[in-house]
Amino acid sequence: MERCGNYLLEDGRKLGRGGFGEVFQVGVHNLTHTNVTSYARKYFAPCPEYDDTAIKELTDLRQRFLVEIKTQCILNRINYDSIAPIVLFNTNGDKPYFVMELAECNLYESIRNGMSDAEK
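S.K.: How do you make sense of the packing of aromatic side chains when you look at a structure like this?
M.R.: The geometry of an aromatic ring pair is captured by two quantities: the separation of the ring centres and the angle between the planes. What the rule picks out here adds up to four aromatic pairs. Considering the side-chain rings of Tyr43 and Tyr97, the 5.9 Å spacing of their centres and the 65° angle between planes classify their relative orientation as edge-to-face. With a gap of 54 residues between them, Tyr43 in strand β4 (residues 36-44) and Tyr97 in strand β6 (residues 97-101) connect regions that are remote in the sequence. What makes Tyr43 buried here is its relative accessible area of 9%. By relative accessible area, which is 2% here, Tyr97 ends up buried. When the ring of Phe65 is compared with that of Phe98, the centres are 5.6 Å apart and the planes differ by 35°; the resulting orientation is tilted. Here Phe65 is found in helix α1 (residues 55-77), whereas its partner Phe98 is found in strand β6, with 33 residues between them in sequence. You'll find Phe65 and Phe98 in the same group, each marked buried.

S.K.: I keep staring at the pattern of salt bridges and nothing clicks. Help me out?
M.R.: Charged atoms that come close allow side chains of opposite charge to pair. Scanning the model with the defined rule gives five salt bridges in all. The residue Arg41 makes a salt bridge to Glu2 at a minimum N-O spacing of 3.0 Å. Taken together, the residues span a long stretch of sequence, with Arg41 in strand β4 and Glu2 in strand β1 (residues 2-4) at a distance of 39 residues. Judged by relative accessible area, Glu2 falls into the partly exposed class, the value being 29%. We note a salt bridge from Glu22 to Lys14, for which the minimum N-O separation is 3.0 Å.

S.K.: Before we go on, may I ask you to explain the sheet that holds β6 in this structure?
M.R.: Strand pairing within a sheet occurs via backbone hydrogen bonds; the two strands may be parallel or antiparallel. Strand order in the open sheet made by the six strands is β1-β2-β3-β4-β6-β5, with antiparallel pairing throughout. Looking at the sheet topology across the chains shown, the edges are occupied by β1 and β5 (86-90). Here the average twist between neighbouring strands, direction ignored, is 35°.

Procedures and definitions
Residues numbered from 1 in each chain as written. Predicted model: local features only at pLDDT ≥ 70, side-chain atom pairs only at ≥ 80, totals over all residues. Heavy atoms only, no water. Phe/Tyr/Trp six-rings, centres within 6.5 Å; stacked < 30°, edge-to-face > 60°. Helix = DSSP H or I, 4+ residues; strand = E, 2+ residues; numbered from the N terminus. Buried < 20%, exposed > 50% of the residue type's maximum accessible area, 1.4 Å probe, protein only. Salt bridge = Lys/Arg side-chain N within 4 Å of Asp/Glu carboxyl O. Pairing = 2+ DSSP bridges. Axes fitted to C-alpha atoms, helices over the stretch in contact; angles between N-to-C directions.

The values are spatial; any link to function lies outside them.
Given below as structure tokens:
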């Protein structure tokens, strides 16, 4: 388990992947292990297609990932309901991540299932 602040994180099954991130179900434990809650953790992990990408471009992808964290936190403050709230994040090291509420489905499935234009 990995520590993040006052919590311990334990990855579960892989939920999906995008252009520069992978998402896993994660158990978030308190330090005394008396409570665990399921969330989703998104790691910065560029697709294998980016393996031959120049370092500067990978740095740009990492920067985009960090902007995603900041933007999602701003939208959470204004109660933007279509974005899962971020509850923890760590931007240090080679593999930054953020932990967010576990959604019922991903954005693609929501759109496919009839998400309204107002919700998008």
